[in-house]
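Here are the chains, one letter per residue:
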Amino acid sequence: MSTAHLNEEQLQDYALTGITHPADREHLSVCNHCQVQLRAYQMLYNQIQEAETPLVDLETKDLIPDQLTNFNSDDRKESRYLSGIFFGAVVLLIAVTLVCWNSISWVFAGITPLSIIIGLLLLSGVLIMQLTEVYSTYRKKLSALYMELTAT
Amino acid sequence: MDGDRHAATLLIRHTEKLVAQIVFKMTGNHPDRKDLIQDIYLKTFRYLPRFRFQCKLSTWVAQISYTTCLDHLKKYRPELIAIPADDESLPGNISTAKISREALDAGELLSVKERSEILERLNAALPPVYRTLITLFHKEELSIEEITDITGLPTGTVKSYLFRARKVLKERLLYQYSKEDI
């Protein structure tokens, strides 16, 4: 049987998880010093656990800022700007292609069916990757929110 | 707009206990406590669009609470992490031979309220950061990783602060019982 006292780290761990080492259990059964130390840690953990949670003496509605709608509308405004810019760029590209079709038609003249298929495959690949990314982000967000909601 | 308000209410209800624990442990009974909690939720709603789902929403709100309290405390320059020298030397003053296991067990007979008051007194000796870490780990049962996310402290530092805080609290608890036992 070990005569050396348990160190603080062992005492803290054993108070949390229980005594796992047989030699330490044997030592504890005869050592008053270690028993007292371990009991003190167990009492401390229990007291922390059972301590009352302080209350926020404020109404929930008082914690929601009046400008909540403004915060969100700023966010929506930003995403609307981005969509507008993207849509405008696509429309501009199509318009330029249609207007200048005669001068740029030579670009598409030499394209073979095989290269069209390869191009479409590459495009599909990129699209699938993008969709997978969007879907996994969506799942991640949903699972995070689900975890939050089930915890309430 | 109603949806936003409903979501905001849910968010507050889900996080208010954790926020209260952090604010109370960091600032104690500071009169600015209410303002601090309002400030925390104001920041939460303002920066919510920046939340990137890299951690739990409650962890993110706790992160805001901790940094807001830390900024607030820095104005008053209290000792945030240093344990007073007399507390560090406390173990040397206590002879465990004077304290029996039965004397500690008798402590269990005290009411929850009395035990809470003893804990409050013990906690008062700890710096705010230690108090908060102890509460987050033992009361809120957060993992070391979550505490690391909230406080921004390295994992090793969190473990070391927790170790020291527990040791100081245990020594003060024994000191308390040795006084009552004598």
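Residues numbered from 1 in each chain as written. Chains lettered and ligands numbered in written order. Predicted model: local features only at pLDDT ≥ 70, side-chain atom pairs only at ≥ 80, totals over all residues. Heavy atoms only, no water.

**Student:** Would you mind going over the overall build of chain B in detail, with residue names and values included?
**Tutor:** Helices and strands together make up the secondary structure of chain B, namely ten helices and zero strands. Listing every helix and strand of chain B by position from the N terminus yields α-α-α-α-α-α-α-α-α-α. Out of the 182 residues belonging to chain B, those deemed buried represent 51%. Put simply, of all contacts in chain B between residues at least 6 apart along the chain, 75% involve residues at least 24 apart. Carbon together with sulfur atoms contributes 50% to the accessible area of chain B, which is approximately 8900 Å² in total. (Helix = DSSP H or I, 4+ residues; strand = E, 2+ residues; numbered from the N terminus. Buried < 20%, exposed > 50% of the residue type's maximum accessible area, 1.4 Å probe, protein only. Contact = heavy atoms within 4.5 Å. Areas by Shrake-Rupley, 256 points an atom, 1.4 Å probe, with all protein chains shown as cover.)

**Student:** An account of the confidence of the model for chain B is needed here, citing residue identities and associated values.
**Tutor:** All names here are of chain B. Confidence in the prediction of chain B, expressed as mean pLDDT, is 81, and 78% of residues score 70 or more. Here helix 5 (residues 90–93) is the element of chain B with the lowest mean pLDDT, 49, and helix 9 (residues 144–151) is the one with the highest, 94. For this predicted complex, the interface confidence comes out at an ipTM of 0.78, alongside a pTM of 0.70. (pLDDT = per-residue confidence, 0-100.)

**Student:** Got a sec to walk through the packing of aromatic side chains? Specific residues and values, please.
**Tutor:** A full pass over the atoms with the stated rule returns four aromatic pairs over all chains. A ring pair is formed by Tyr-41 of chain A and Tyr-45 of chain A, whose centres lie 6.2 Å apart and whose planes are at 35°; its orientation type is tilted. Residue Tyr-41 of chain A and its partner Tyr-45 of chain A are located together in helix 3 (residues 32–50), separated by four residues, close to a single helical turn. Residue Tyr-41 of chain A shares its accessibility class with Tyr-45 of chain A, and that shared class is buried. For the ring pair Tyr-130 of chain B and Tyr-161 of chain B, a centre distance of 5.0 Å and an interplane angle of 25° mean the geometry is stacked. You can see Tyr-130 of chain B sitting in helix 8 (residues 128–139) and its partner Tyr-161 of chain B sitting in helix 10 (residues 155–181), a full 31 residues away along the chain. Residue class for Tyr-130 of chain B comes out buried when judged on its relative accessible area of 0%. (Phe/Tyr/Trp six-rings, centres within 6.5 Å; stacked < 30°, edge-to-face > 60°.)

**Student:** Lay out the pattern of salt bridges with the relevant residues and their values.
**Tutor:** Taken as a whole, this structure holds four salt bridges over all chains when the rule is applied. Residues Lys-56 of chain B and Glu-146 of chain B are paired through a salt bridge, measuring 3.2 Å at the closest nitrogen-oxygen approach. Taken as a pair, Lys-56 of chain B in the loop between helix 2 (33–47) and helix 3 (57–76) and Glu-146 of chain B in helix 9 lie far apart in primary sequence, 90 residues in all. Between Glu-171 of chain B and Lys-170 of chain B there is a salt bridge; the shortest N-O distance is 2.8 Å. It is possible to trace a salt-bridge network through shared partners that takes in Glu-8 of chain A together with Lys-170 and Glu-171 of chain B. (Salt bridge = Lys/Arg side-chain N within 4 Å of Asp/Glu carboxyl O.)

**Student:** So what's going on with helix 2 of chain B? Which residues, and what values?
**Tutor:** Spacing of three or four residues puts side chains on the same side of an α-helix, whose turn is 3.6 residues. Residues and elements named next belong to chain B. Here helix 2 spans 21 Å end to end across 15 residues, near enough to the 21 Å set by a 1.5 Å rise per residue. Restricting attention to buried positions, one finds in helix 2 the residues Arg-33, Leu-36, Ile-37, Ile-40, Tyr-41, Thr-44 and Phe-45. For helix 2, the angular spread of buried residues about the axis comes to 170°, placing them on one side. (Expected span 1.5 Å × (residues − 1). Arc of directions from axis to C-beta.)

**Student:** Could you give me a rundown of the side chain of His-138 of chain B, with the residues and numbers involved?
**Tutor:** Counting through the fold element by element, His-138 of chain B comes out in helix 8. A polar atom in the side chain of His-138 of chain B sits 3.0 Å from the side chain of Arg-166 of chain B. The residues contacting His-138 of chain B, other than those within four sequence positions of it, are Leu-16, Tyr-45, Ile-48 and Gln-49 of chain A together with Arg-166 of chain B. (Polar contact = N/O pair within 3.5 Å; in protein donor to acceptor, adjacent residues only side chain to side chain.)

**Student:** If you had to explain the layout of surface pockets to someone new, which residues and values would you point to?
**Tutor:** Each pocket or cavity is described by its volume, and for the second largest pocket that value is around 550 Å³. Taken together, 21 residues line the second largest pocket, and the ones lying closest to its centre are Glu-52 and Pro-54 of chain A together with Phe-24, Lys-25 and Glu-120 of chain B. Secondary structure elements with two or more residues in the lining of the second largest pocket: helix 1 (2–27), helix 7 (112–124) and helix 8 of chain B. It is helix 7 of chain B that provides the largest number of residues to the lining of the second largest pocket, a total of seven residues. For the lining of the second largest pocket, the class distribution of residues is seven nonpolar, seven polar and seven charged. If you count residues domain by domain, the lining of the second largest pocket takes at least three from each of domain 1 (2–80) and domain 2 (87–176) of chain B. (1 Å grid on protein atoms, 1.4 Å probe; cavity = no way out; pocket = protein on both sides within 12 Å on 5 of 7 lines; lining within 4 Å. Points joined across faces, edges and corners; volume = space filled by probe spheres on them. Nonpolar A, V, L, I, M, F, W, Y, C, P; charged D, E, K, R; others polar. Domains from an automatic or database assignment.)

**Student:** Can you explain the packing of helix 2 (residues 22–30) of chain A against helix 3 of chain A? Please cite residues and give values.
**Tutor:** When two helices pack together, their arrangement is given by the angle between the helix axes and the distance between those axes. Residue and element names in this part refer to chain A. The geometry of helix 2 relative to helix 3 is characterised by a closest axis approach of 6 Å and an angle of 105° between their N-to-C directions. Compared by their axis directions, helix 2 and helix 3 come out roughly perpendicular. Of the residues in helix 3, those touching helix 2 at His-27, Leu-28, Ser-29 and Val-30 are Asn-32, Cys-34, Gln-35 and Leu-38. Of the residues assigned to the contact of helix 2 with helix 3, the class counts are four nonpolar, four polar and no charged. (Axes fitted to C-alpha atoms, helices over the stretch in contact; angles between N-to-C directions. Parallel < 35°, antiparallel > 145°, perpendicular 65-115°, else oblique.)

**Student:** Tell me about the packing of helix 3 of chain A against helix 7 of chain B, residues and numbers included.
**Tutor:** Two numbers describe how helix 3 of chain A lies on helix 7 of chain B: the axes approach to 9 Å, and their chain directions differ by 105°. Taken together, the axis directions place helix 3 of chain A and helix 7 of chain B in an arrangement best described as roughly perpendicular. Mapping the contact onto sequence places Leu-44, Gln-47, Ile-48 and Glu-50 of chain A in helix 3 of chain A and Val-112, Arg-115, Ile-118, Leu-119 and Leu-122 of chain B in helix 7 of chain B. For the contact of helix 3 of chain A with helix 7 of chain B, the per-class residue count stands at six nonpolar, one polar and two charged.

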